[in-house]
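Summary of the model geometry
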Amino acid sequence: MNKNLYVRIAFFLFGFMLLLNIVDNFVGYSAEYNIKKFMLYESKYLNFDYTRNYITLSIKNNNEESKFGLIFSPGAFIKEDAYLPILSELSKRGIKVYILKSSLFGMGDVNSILLKSNIKNYILVGHSLGGSKLLNYLKQENHYSQLVKGVVLLSSYGRNSQDFSDSNIKFISVVGSDDKIINFEKYENYKNNLPSSTKYLYIEGGNHSYFGNYGLQYGDSEGLISREFQQFIVIREILKLLEEI
């Protein structure tokens, strides 16, 4: 190869990596509420810690280590703080919550979270593409992923190569009847890859967008129930799951 060809390849790779970084950090949907007011109010009950890769939520004045940890993965192009309202309600129950930074390709530093923590029981919760990424993480079957005891998929499914039919992990799959974003055919087909014990929850009148607080996702329906009620159902089911772990 001549020198000019090496230079062209180097520029191409640099441009490609730059493009991936721009796409990965692009946020199409931000929180549709006043974050400052929310934080001011909730800081009476919770500690919020922002790092480069995730947000940590923990209950105040709790001298004991949390029994359960929860790692949340946002949907594609949805800013992570759009999920603070629903996850703060779980944190108030004594659950230590980690909200991964919104990322199209990466998973944040999940292993780092598990490594640093003394908590022995974790559940992974993912919305849309975020759930698919969590399943991909679990298929790596590394030492730290053994701390994961439950998975909650919110309007989400994995790829055919992600087979968990023999897994001992407890799964819950939640979808809204008025969800216009998810591919229901693929959602139904993927059920064969989940354990037979998986709990399927079909929220009548629920949509794709109301699992977070980022407005209405393009192409989604407005749903037939309120955002608050849809999130209440999710919170209730996650608390039930923790009782079984």
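In this report, we go over the structure that sits alongside the text. Just so you know, these numbers come straight off a predicted model, no measurement behind them.

A complete count under the given rule lists 10 aromatic pairs for this structure. Through successive ring pairs, a cluster of aromatic residues spans Tyr-29, Phe-72, Tyr-83 and Tyr-214. Over the aromatic face of Phe-164 sits the side chain of Lys-139, whose NZ or CZ is 5.0 Å from the ring centroid.

So, on to the environment of Asn-53. Looking at where Asn-53 falls in the secondary structure, it is placed in the loop between strand S1 (46-50) and strand S2 (54-59). Residue contacts for Asn-53: discarding those within four places in its chain leaves Ile-99, Leu-100, Lys-101 and Asp-109.

What follows concerns the packing of helix H2 (residues 35-42) against helix H3 (residues 84-91). The contact between H2 and H3 brings their axes to 12 Å, and the two run at 5°. Looking at the two axes, H2 sits roughly parallel to H3. Residues Phe-38, Met-39 and Glu-42 of H2 pack against Leu-84, Pro-85, Ser-88 and Glu-89 of H3. Residue composition of the contact of H2 with H3, grouped by class: 4 nonpolar, 1 polar and 2 charged.

This next bit is on the sheet that holds strand S4 (residues 96-100). Strands sit in the order S1-S2-S4-S3-S5-S6-S7-S8 across an open sheet of 8 strands; the sheet is mixed. The two strands at the open ends of the sheet, each matched to only one other strand, are S1 and strand S8 (199-203). Going from strand to strand, the sheet's axes swing by 15° on average, the running direction of each strand aside. Strand direction decides the pairing type here: strand S3 (residues 68-73) and strand S5 (residues 121-127), joined by 6 bridges, are parallel. Note on S5: the bridge partner recorded for Leu-70 is Ile-123.

Okay, the pairing of S8 next. When strand S7 (residues 170-176) meets S8, the two strands line up parallel, connected through 5 bridges. Looking at the pairing, Val-175 lines up with Tyr-202 of S8. Assessed by its sense of winding, the connection that carries the chain from S7 through helix H6 (residues 184-190) to S8 is right-handed.

Our next topic: unusual backbone geometry. At Ser-128, a position not held by glycine, the phi torsion is positive, near 55°. Among the secondary structure elements, Ser-128 is positioned in the loop between S5 and helix H5 (129-138). With a phi angle near 50°, Ser-155 is a residue other than glycine that sits in the positive phi range. Topologically, Ser-155 is positioned in the loop between strand S6 (148-154) and S7.

The biggest cluster of nonpolar side chains holds 36 residues, and the ones touching the most others in it are Leu-70, Leu-87 and Ile-238. Per element, the largest residue contribution to this core is 6 residues, and it comes from helix H7 (residues 227-244). Sequence-distant contacts of Leu-87, that is, excluding residues within four places in its chain, are made with Leu-57, Leu-70, Phe-72, Val-97 and Ile-99.

What follows covers H3. Here H3 lies mainly inside the structure; 7 of its 8 residues are buried. Taken together, the buried positions of H3 are occupied by Leu-84, Pro-85, Ile-86, Leu-87, Ser-88, Leu-90 and Ser-91. Here the buried face of H3 lies against H2, S1, S2, S3, S4 and H7.

Relative to the 26 Å expected for 18 residues at 1.5 Å per residue, H7 spans 26 Å between its end C-alpha atoms, a close match to the ideal helical length. Burial in H7 covers these residues: Arg-227, Gln-230, Gln-231, Ile-233, Val-234, Ile-235, Glu-237, Ile-238, Leu-241 and Leu-242. On its buried face, H7 sits against S3, H3, S5, S6, S7 and S8.

Turning next to the pattern of salt bridges. Using the criterion set out here, one finds 9 salt bridges in the structure. A salt bridge links Lys-92 to Glu-42, with the nearest nitrogen and oxygen atoms 2.9 Å apart. Of this pair, Lys-92 sits in the loop between H3 and S4 while Glu-42 sits in helix H2; the two residues are 50 residues apart in sequence, bridging distant segments of the chain. For Lys-92, a relative accessible area of 26% puts it in the partly exposed group. Overall, Glu-42 belongs to the buried group, its relative accessible area being 5%. Among the ionic pairs, Glu-80 bridges to Lys-79, the shortest N-O distance being 4.0 Å. Judged by its relative accessible area of 14%, Glu-80 is buried. For Lys-79, a relative accessible area of 28% corresponds to the partly exposed category. Connected through salt bridges with shared partners, the residues Glu-42, Glu-89, Lys-92 and Arg-93 form a single ionic network.

Conventions adopted
Residues numbered from 1 in each chain as written. Predicted model: local features only at pLDDT ≥ 70, side-chain atom pairs only at ≥ 80, totals over all residues. Heavy atoms only, no water. Phe/Tyr/Trp six-rings, centres within 6.5 Å; stacked < 30°, edge-to-face > 60°. Lys NZ or Arg CZ within 6 Å of the ring centre and 35° of its normal. Helix = DSSP H or I, 4+ residues; strand = E, 2+ residues; numbered from the N terminus. Contact = heavy atoms within 4.5 Å. Axes fitted to C-alpha atoms, helices over the stretch in contact; angles between N-to-C directions. Parallel < 35°, antiparallel > 145°, perpendicular 65-115°, else oblique. Nonpolar A, V, L, I, M, F, W, Y, C, P; charged D, E, K, R; others polar. Pairing = 2+ DSSP bridges. Right-handed = clockwise from strand over helix to strand, strands pointing away. Core = buried A, V, L, I, M, F, W, Y, C linked by side-chain atoms within 4.5 Å. Buried < 20%, exposed > 50% of the residue type's maximum accessible area, 1.4 Å probe, protein only. Expected span 1.5 Å × (residues − 1). Salt bridge = Lys/Arg side-chain N within 4 Å of Asp/Glu carboxyl O.

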